[in-house]
Amino acid sequence: MKEEPIKSFRDIPGDEVIFSGTPACAGCGGLLTLRHCLKALGDRIVIVNAACCFTLLAIYPLTPFRNSWLYTAMASAPAGAQGVRDALDVLIEKGKLDSEEDLKVVVLTGDGSAYDMGLSSTSGALDRDLDFYYICYDNEAYGNTGFQKSGATPLGSKTATTPPGKRHPMGSELPKKDLFDIWKSHRPPYLATISPAYPLDLINKFRRAGQHRGPKLFISLVPCPPGWGTDPSRSVDLAKLSVETGVWALKEAVSGEVRHTVVPKRFKPVEEYLRGQGRFAHLFRPARQEETLMEIQERVDEYWRLHKLLL
Amino acid sequence: MKRDMLTGNAAAAWGVRLAEVDYVPAYPITPQTEIIETLAKWISDGMMDARFVSMDSEHSMITAAGAASATGARTFTATSSQGLLYGFEMIYTVAGWRVPLVMVNVSRGLSSPLTLEPDHNDIFAIRDSGFLQIHCETCQEVLDSIILAYRLAEDEQVLLPVMVNMDGFYLSFTREPVEIPDPEEVREFLPPYRPKHAFFMASRPMAQGVAVLGGSAYSYFKYQMHLASLKALEVYGEICAEFEKKFHRGYGPVEGYMLEDAEYALVMAGSFSTLGKKAVKRARDRGIRAGLLKLRLLRPFPEAYIRRALEGKRAVSVLDQNISVGKGGILYSEVASCLFNSKKKPVLLSFIGGLGGKNISPQEFEFIFEKMIEAFEGGPSGPHLLYTEKEWDDISILKRTAEKEGDA
């Protein structure tokens, strides 16, 4: 079923699938992402969750969702999605369940599960061409346990396990894993990056994804005020800056064909994004770590040059 | 009803086929693989109306199986040894979901050292998880237990997953005559699963597997599982009575062999019980009033049955085919705990044997009975780690080859 793309904020569905009053932190970029994703998906879904901050959204006997929910474990939400999808299919096939009762199956994980522990079960689900959605809200560290380094942590970020010190002044010395490309190598029918600051782009991507059977995957870079050391009121601005500086490339891949959906006319300097985030403060004070700042900028430029969107 | 010569693995596959399961997520591991291969073939040939999916690990497999069960499908999967441990986290998780998943574990010793042959450390690793455990001695028992397991797991008073255990090689790859019940009769005994408790459907959104805050909610749900497991003992009795009426094969939570008038009793579980029964017969021929208690249901632990069976005996030997390193036999501890407060408790001895599939020879059984008679007359000895002189000579040769000759 093809849905027309929406053109204005007024076209964003007013219906809320997730209600207010969750225990998420103020200014949680992940929650804003999820809210928009659910507006696009509707409530005839079952969320299969891996251990992450959002596991604590559903605490007995309350859930903020209008839809169904299954918490699995940290490593195997995609396998849980496999079980639910297969069970729904086989029950409907055998006439044990009315097809009206069918649900879309949606995996919801943070970056810790998506980039690290759950990679094997994700690869399995992609390999089996499982018909499901996968939403990873990526705050670039293990947020729920107090912001330790994950495979998604970028170069130069301070985390609880990459504290800048005399011998390791830059914090994380490893660049961020490219999960988009890892997923893309499995050739899923639909794959996209999204941002809570670009809800039209986000919702239209879900609409396009909905035309495909098989894995439909989304990664959202999401500001995390307690982990990033930022004020909750700045989350949307920071998400926007991540795109405007080119740090977070908004794109999609349909059957492997990559297209950038938002390309800034002029890229802002990456420093504008880094400055003001507590996790990068050591790169500026007490002394500027020029080499690291240059390397971060250079990596961003290199990405866009590679895609011939920066000359 | 028909009769066939089936391996334990083939008997397991037949149990699953007769239970008319909807879904089989699978992952191979020796010595279990024949079960899933057989099911894959039947499903591919259209002889079984189910969906089969090859998973990427046992952790994923048990997650998928539990999730399918939570969706409302009758689900089966099987594993063994390292696979069970790889999926260990999900064993506890799925038990907590209170879904009626049935699994088979084909017991195999745990690495390291890496080995293929059986002992029960793998199945006892999940002892405290909430899975019910049925331990099988024969291939017939494997087939029947799977059908019983679904009835038990799906009973609303239970709603806990069940693990049916058989020994690798000794049962999994050994052909025995097996009666394959008539599908229609099985259907009467085990009607299709209609979930009332855990399911996913659009018209009735449900949150499953949710977190709790604080110890009081956590304790409540754990106690619920425990009480349901204890309740399962009663339900098991009722189900088995019905099964026996229909199929003329009875399975108690424990089975006594020449036990009634016995003075000296062995306690065993699994396929090695057959060796124990032979030893009991030989001991009787020598004039020892010997008997054997086979434990079939290990979770829930049939305490009252065990107490009743062993009270008043002169001496009892628990023969553990497992070892809790630094403590000893797991079943010994469990049997001891249920006899401790009894006024008619026997002298209780602990023997470890059959680790990694090591044989238990007639001489070793003779040694066990000698020790029991000694214990009755002069007090207990042990615990004893069974190892024959021949085995000692054999390992000495291996050690010489490994240039570890001088080491004790």
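Scoring rules and cut-offs
- Residues numbered from 1 in each chain as written.
- Chains lettered and ligands numbered in written order.
- Predicted model: local features only at pLDDT ≥ 70, side-chain atom pairs only at ≥ 80, totals over all residues.
- Helix = DSSP H or I, 4+ residues; strand = E, 2+ residues; numbered from the N terminus.
- Rg over C-alpha atoms; globule rule 2.2 N^0.38 Å.
- Buried ≥ 20, exposed ≤ 12 C-beta atoms within 10 Å, placed from the backbone.
- Contact = placed C-beta atoms within 7 Å.
- Core = buried A, V, L, I, M, F, W, Y, C linked by C-beta atoms within 7 Å.
- Pairing = 2+ DSSP bridges.
- Domains from an automatic or database assignment.
- Nonpolar A, V, L, I, M, F, W, Y, C, P; charged D, E, K, R; others polar.
- Axes fitted to C-alpha atoms, helices over the stretch in contact; angles between N-to-C directions.
- Parallel < 35°, antiparallel > 145°, perpendicular 65-115°, else oblique.
- Left-handed = near helix turned anticlockwise from the far one by under 90°.

Can you walk me through the overall build of chain B in this structure?
Helix and strand counts for chain B stand at 14 helices and 16 strands. Here chain B has a C-alpha radius of gyration of 22 Å; the compact-globule value for 408 residues is 22 Å, and the two agree. Looking at the 408 residues of chain B, the share that counts as buried comes to 53%. Here the analysis covers contacts within chain B between residues at least 6 apart in sequence; of these, 80% occur between residues at least 24 apart.

What exactly am I supposed to notice about the nonpolar core here?
For soluble globular proteins, nonpolar side chains are generally found buried alongside one another. In terms of nonpolar packing, the biggest core is built from 221 residues, with Val-46, Val-48, Val-84 and Val-106 of chain A together with Val-267 of chain B touching the most fellow members. When residues in this core are grouped by element, the largest group, ten residues, is from helix α7 (residues 139-154) of chain B. Aside from chain neighbours lying at most four places away, what touches Val-106 of chain A is Leu-41, Ile-45, Val-46, Ile-47, Val-48, Phe-132, Tyr-133 and Ile-135 of chain A.

What am I meant to see in the sheet that holds strand β6 (residues 215-221) of chain A here?
Remark on secondary structure: sheet strands pair via backbone hydrogen bonds, oriented parallel or antiparallel. As summarised here, the arrangement of the nine strands in space is β8(A)-β7(A)-β5(A)-β6(A)-β4(A)-β3(A)-β1(A)-β2(A)-β9(B), forming an open sheet in which the pairing is mixed. Unpaired on one side and paired on the other, β8 (257-262) of chain A together with β9 (207-208) of chain B mark the two borders of the sheet.

Whenever I open this one, the domain arrangement of chain B confuses me. Can you help?
As a measure of interface size, the accessible area lost when the parts come together is often cited. Residue and element names in this part refer to chain B. By domain assignment, chain B separates into domain 1 (2-247) and domain 2 (254-393). The distance between the C-alpha centroids of domain 1 and domain 2 comes to 28 Å. Contacts between the two partners involve 25 residues from domain 1 and, on the opposite side, 21 residues from domain 2. Of all the elements in the fold, those that place two or more residues in the side of domain 1 that touches domain 2 are α6 (121-125), β6 (132-135), β7 (162-167) and α9 (215-247). Per-element accounting of the side of domain 1 that touches domain 2 gives the leading share, five residues, to α9. When its residues are assigned to classes, the side of domain 1 that touches domain 2 shows 13 nonpolar, seven polar and five charged.

Help me understand helix α5 (residues 88-97) of chain B in this model?
Every α-helix carries 3.6 residues per turn, so stepping three or four residues along brings you back to the same face. Residue and element names in this part refer to chain B. Taken as a whole, α5 has its buried residues at Met-90, Ile-91, Thr-93, Val-94, Ala-95 and Trp-97. Contact partners of the buried residues in α5: α3 (58-71), β9 and α9. Arg-98, located one to two residues past α5, shows a positive phi value of around 60 degrees.

Even after reading the chapter, I still don't get the pairing of strand β2 (residues 68-71) of chain A, so can you show me in this structure?
The side chains of a regular strand alternate, residue by residue, between the two faces of the sheet. Residues and elements named next belong to chain A. Every second residue of β2 is oriented toward a common face, with Ser-68 and Leu-70 on one face and Trp-69 and Tyr-71 on the other, all of them buried. When strand β1 (residues 45-49) meets β2, the two strands line up parallel, connected through four bridges. Residue pairing across strands places Ile-47 opposite Trp-69, the latter belonging to β2.

So what exactly am I meant to see when it comes to the interface of chain A and chain B here?
With 40 residues of chain A at the contact, the number on the chain B side is 38 residues. Contributions of two or more residues to the side of chain A that touches chain B are made by β1, β2, α2 (77-93) and α4 (119-127) of chain A. Counting residues per element, the side of chain A that touches chain B draws most heavily on α2 of chain A, at ten residues.

Can you walk me through the sheet that holds strand β13 (residues 297-299) of chain B in this structure?
Residue and element names in this part refer to chain B. In spatial order, the strands read β4-β5-β7-β6-β13; together these five strands make up an open sheet with mixed pairing. Whereas interior strands pair on both sides, the edge strands pair on one side only; in this sheet they are β4 (76-79) and β13. The mean inter-strand angle of the sheet, taken between neighbouring strand axes irrespective of direction, is 25 degrees. Pairing geometry for β4 and strand β5 (residues 102-107), over four bridges, is parallel. Within β5, the residue paired with Thr-79 across the bridge is Asn-105.

Can you help me understand the packing of helix α1 (residues 29-41) of chain A against helix α6 (residues 199-209) of chain A in this one?
To characterise two packed helices, one gives the angle between the axes of the helices and the distance between these axes. Residues and elements named next belong to chain A. Across the interface, α1 lies against α6 with an axial gap of 9 Å and an inter-helix angle of 40 degrees. Between α1 and α6, the angle falls in the class oblique. Every pair of crossing elements has a handedness; the one defined by α1 and α6 is right-handed. Packed against α1, whose contacting residues are His-36, Cys-37, Lys-39, Ala-40 and Leu-41, the element α6 presents Pro-199, Leu-202, Ile-203, Phe-206 and Arg-207 at the interface. Of the residues belonging to the contact of α1 with α6, the class tally is seven nonpolar, one polar and two charged.

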